[in-house]
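# Survey of secondary and tertiary structure
Spelled out from the first residue to the last, the chains are:
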Amino acid sequence: MSLTTLETSLLSRIRATAPLHRHHCCRYHARHVPKPRGAEISQLLATYAAHPPQPITLSSLVAFGQPLTPKSLLHSVSYVLSEIPRRLARRVRALEMLPFIVGTNPYMAKTLKAYWDSFQFLATYPRVTSLDENAKFTAELKQLVESHRNDIPTMAKGFQECSKYMSPAQISNFLDGAIRNRISVRLIAEQHIALSQALEDRPKSGSTSHYGIVDMACSPAAMVKMCGEFVSELCEATLGAAPTIVIDGHQDTTFAYVPVHLEYILTEILKNAFRATVEHHYKQFGNTSTRPLPPVTVTISPPPSPFSPFLSLRVRDQGGGVSPSNMARIFSYAFTTAGHSNPDDDVGGGGPYAAQHVGGSAVIGEDTSGGEGNLFGEITAKGLQVGLGTIAGLGYGLPMSRLYARYFGGSLDLFSLDGWGDDVFVKLRSVDQAGNAEI
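Residues numbered from 1 in each chain as written. Predicted model: local features only at pLDDT ≥ 70, side-chain atom pairs only at ≥ 80, totals over all residues. Heavy atoms only, no water.

### A few points about the overall build of the protein
Let me state the cut-off plainly: Starting at the N terminus, helices and strands are each numbered in turn, a helix being any DSSP run of H or I of at least four residues and a strand any DSSP run of E of at least two. Here's how the labels work: a residue is buried when its accessible area is under 20% of the maximum for its type, exposed when over 50%, partly exposed in between, all with a 1.4 Å probe on protein chains only. Residue contacts are counted whenever heavy atoms from the two residues lie within 4.5 Å of one another. To be clear on the numbers: accessible area is Shrake-Rupley with a 1.4 Å probe, and residue cover counts the displayed protein chains and nothing else.
Broken down by element type, the protein carries 16 helices and eight strands. By residue count, 52% of the 439 residues in the protein fall in the buried class. A sequence separation of at least 24 residues applies to 79% of the contacts in the protein between residues at least 6 apart. Only carbon and sulfur atoms are counted for the fraction: they give 55% of the accessible area of the protein, which is about 19,300 Å².

### Let's talk about empty space enclosed by the protein
Over the atoms a probe the size of a water molecule is rolled, and this reveals where empty space is left. Selection criterion: Grid points spaced at 1 Å over the protein atoms alone were grouped into cavities, where a 1.4 Å probe fits but cannot get out, and pockets, open sets with protein on both sides within 12 Å along at least five of seven lines, with lining residues defined by an atom within 4 Å of a point. Grid points are joined across faces, edges and corners, and a volume is the space filled by probe spheres set on the points. In the scheme used here, Gly and all other residues not listed as nonpolar or charged are polar, with Ala, Val, Leu, Ile, Met, Phe, Trp, Tyr, Cys and Pro taken as nonpolar and Asp, Glu, Lys and Arg as charged.
Within the structure shown, the criterion is met by six cavities of 30 Å³ or more. Space inside the largest cavity adds up to approximately 130 Å³. The wall of the largest cavity is formed by 14 residues, among which Leu88, His148, Arg182, Val185 and Arg186 lie closest to the centre. Elements with a contribution of two residues or more to the lining of the largest cavity: α4 (70–96), α6 (106–123), α7 (131–147) and α9 (168–201). With five residues, α9 is the largest single contributor of residues to the lining of the largest cavity. Split by residue class, the lining of the largest cavity holds eight nonpolar, three polar and three charged.

### Points about α6
To keep it simple, the criterion reads: Expected helix span is taken as 1.5 Å per residue step, with the number of steps being one fewer than the number of residues.
For α6, built from 18 residues, the straight-helix expectation of 26 Å at 1.5 Å per residue is met to within 8% by its first-to-last C-alpha distance of 25 Å. The buried fraction of α6 amounts to 17 of the 18 residues, a majority that puts the element mostly inside the structure.

### Looking at the packing of α4 against α7
Our working rule: For helices, the fitted axis covers only the stretch in contact; all axes are lines through C-alpha atoms, and the angles between them, taken along N-to-C directions, range from 0 to 180 degrees. Throughout this description, any angle smaller than 35 degrees is read as roughly parallel, any larger than 145 degrees as roughly antiparallel, any in the 65 to 115 degree range as roughly perpendicular, and the remainder as oblique. In this scheme the handedness of a crossing depends on how the near helix is turned from the far one: anticlockwise by less than a right angle means left-handed, clockwise means right-handed.
Between α4 and α7, whose axes approach to 11 Å, the crossing angle comes to 40 degrees. Comparing the axis directions of α4 and α7 gives the class oblique. Between α4 and α7 lies a crossing of left-handed hand. The segment α4 lies against α7, with Pro70, Leu73, Val77, Val80 and Leu81 engaging Leu131, Asn134, Phe137 and Leu141.

### Focus on the environment of Thr208
Note on placement: Thr208 falls in the loop between α9 and β1 (210–211). As for Thr208 and Ala198, which are separated by 10 residues in sequence, their C-alpha atoms are 10.0 Å apart.

### Re the packing of aromatic side chains
The following threshold applies: Here is the rule: rings of Phe, Tyr and Trp (six-membered ring for Trp) pair when centre to centre is within 6.5 Å. Planes less than 30 degrees apart are stacked, more than 60 are edge-to-face, and the remainder are tilted. Each ring is checked for a lysine NZ or an arginine CZ that lies within 6 Å of its centre and within 35 degrees of its normal; such an atom marks a charge sitting over the ring.
Applying the stated criterion to the full structure yields 11 aromatic pairs. Centroid distance Phe64 to Tyr79: 5.7 Å. Interplanar angle 50 degrees. Geometry classified as tilted. In this pair, Phe64 is assigned in the loop between α3 (58–63) and α4 and Tyr79 in helix α4, connecting sequence segments 15 residues apart. Ring geometry for Phe255 against Tyr257: centres 5.2 Å apart, planes inclined by 20 degrees, an arrangement best described as stacked. In this structure Tyr257 comes out as buried when scored by relative accessible area, which is 0%. Above the face of the Phe174 ring, Arg91 is positioned so that its terminal group lies 5.1 Å from the ring centre. Over the face of the ring belonging to Phe310 we find Lys427, whose NZ or CZ atom lies 5.0 Å from the ring centre.

In short, geometric facts, not functional conclusions.
Encoded structure:
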C-alpha cells in the first residue's frame, strides 16, 4: 500500500512513541474497557480500514517460496506489514460497532484492546531492509500471533454473557467474519514465519515438499492416523474406551494443502465421531459390556481428474446420529452455546467435551501459562498449531471446521441416519490446482 503524505507524517510521529507500546503488544491484558486511543493512531487506523485488504490468492501464498531467496523473503515481510494491519483495522472497527453493552463486556473489551495493540505495533513498524532486521521482526511476529491464540474463545465467552442483546444470526455473522479474518491473518503471518525459518535452516536441510506452511505432498492418510491417535488418547482418558479407525479408499493419495488446517478439521470431526460412538454404545449395551465398539471409518477419494482439483474425505460413525430436531442447528454457534444457562458453569456433560470445559474455563481466565486447569490447552498445543486456542467446550468445532474447509473453496457437510450414525463429507481444494482463486 502506498502511503500518502498525511500517512507518512502520522507514522513518523507515532513511531516516536511506538517503542513504549511495542513490548506490551503481545501481553494478555487484564479485563477492562479500553481507553480511547490518541487522535493520530485513530486516524491511521481509519486510513487502513478505508482500504479493503487485497484478496489472498493461493499462487501468491506460495510464490514467496518459489524460489526462496533473501530478496523474496523481504518481499514477504513487506506484504505482511501491508496486509495484516488492514485486516486488523477492520476487526477493530467491527468490534467497535457492536452494541455498547456488548462492546463494554470485559471479554469483548479485552479482545478489542488486543487488536488495537497489534494494529499499532504492525502499522508503525519500521521498514525491514535486511535479514537481520527480519529475524528480529519474525521473533516479534511469533509473539504477536501467540498473543491472539485465545481470541475466539474469549469472544465466545463474551457473547455468552451478552446473548440477550444480539440475535443468534447477528452473533453467527460476527463470528464467521472474525474467524475468516483470523484465518487470513494467521495464514499470512505463519507463512512468513515458516519461510524465514526455512531460509535460515536451508543449509542444514535437504529437499522438502513444503513451501512455508503449504505441503505440496500432504498425506490425508498420515494426517488421519496422527489425529486419530490424539483423539483416541483423549477419548480413552475421559470415557474409558475409544473406537478404532479404519482407513479405506486411496490411502497413498497426496495433495497440496495446509496441514495444520486439515489437522484441525479432522480432529474436530473425529472428536465428535469418537464421543458419539462410545456414548451410543454405552447407552445400548451398558458401560460394562464386552462387545467391541464399532469402528470409525475414514474413506479417502483423490481428485477424479486434473480438471477437478478436489480431494474428498468421508468420516462415518455408528454413534446414533443426530436427532431431526437438532439437524437444522448443528452448524449454529448459538445452538452450541445456548445450553449454558450459567456462563460460569463449565463443567457439565461428559465425554471428550468435559475436557474442553475444563480447559476453556482456565484459558479464558487470567493465567494462560498452563497448569492443571488448562488441560485441553496443553493437549491442543501438542499438535494444533493453527492457533485457535481451546474452543472451551463452547461447541464451536463443527462450524469452525466448515469455515476452514470453505476458506480454500472446499466444503463440509453432515448427513445423519437417526438411530444409527453420521456421515461427514469433506471436500478440500488442492492448493496447486487453485491458480489465482481468491481466498
